[in-house]
Structures are given as structure tokens and as C-alpha cells.
Amino acid sequence: LNSLGGKKFISKKDKVEVTVSAGENWHELVLFCVKRGLGGIENLSLIPGSVGAAPIQNIGAYGAELQDVFVSLER
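Residues numbered from 1 in each chain as written. Predicted model: local features only at pLDDT ≥ 70, side-chain atom pairs only at ≥ 80, totals over all residues. Heavy atoms only, no water.

Participant: I'm lost on the packing of aromatic side chains in this one. Help?
Facilitator: For any pair of aromatic rings, the description rests on two quantities: the centre-to-centre distance and the angle between the ring planes. Evaluation of the coordinates by the stated rule reveals one aromatic pair. Measuring from ring centre to ring centre gives 5.4 Å for phenylalanine 9 and phenylalanine 32, while their planes differ by 15°; the resulting arrangement is stacked. On the criterion of sequence distance, the pair formed by phenylalanine 9 in strand 1 (residues 7–12) and phenylalanine 32 in helix 1 (residues 26–35) is long-range, its members being 23 residues apart. With a relative accessible area of 35%, phenylalanine 9 lands in the partly exposed category. (Phe/Tyr/Trp six-rings, centres within 6.5 Å; stacked < 30°, edge-to-face > 60°. Helix = DSSP H or I, 4+ residues; strand = E, 2+ residues; numbered from the N terminus. Buried < 20%, exposed > 50% of the residue type's maximum accessible area, 1.4 Å probe, protein only.)

Here it is, written out as C-alpha cells:
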């Protein structure tokens, strides 16, 4: 079980990048972003699992896919 946690925001010109540790709960990340007015992953709510599993599974729902907003992954 991956227990690494943490989130940070990086503001760039006309966008915000959210850096998230692999052990964070995916649905909690979606809620965290929505509460801060950050759109793009709200259709991916209620998908079970961790942030670290999301790019491996390339999660998608209701016409949205992680690949549409995903920037990078570090090991």
C-alpha cells in the first residue's frame, strides 16, 4: 500500500498544475480540485483508487479521460 501523500499547486500563465503524491486518494483529489475551482477532472469523481494508479489505468468516465489533463509522472 502506497502511503505517500501531499499536494501542491504551480501557477503558470493561464493554467494551474497540481502536483500530487501517488498515495493520495483519487476521489479526494477530485473534490479538492473542484472546491478550488479547478476544472478538468470533475467527471472522474467516484473512481476508486489512488492517484498513483490513475495514469497506469488511464482512467476515464463520462467523456473525460485522465490523458486529457495529465502532464507527467516521476518515479
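Participant: What's the story with the nonpolar core in this structure? I'm lost.
Facilitator: The tendency in soluble globular proteins is for nonpolar side chains to be buried as a group. Trp26, Leu29, Ile41, Leu44, Ile47 and Ile59 are the most contacted members of the largest nonpolar core, which totals 13 residues. For this core, the element with the most residues is helix 1, which contributes four residues. (Core = buried A, V, L, I, M, F, W, Y, C linked by side-chain atoms within 4.5 Å.)

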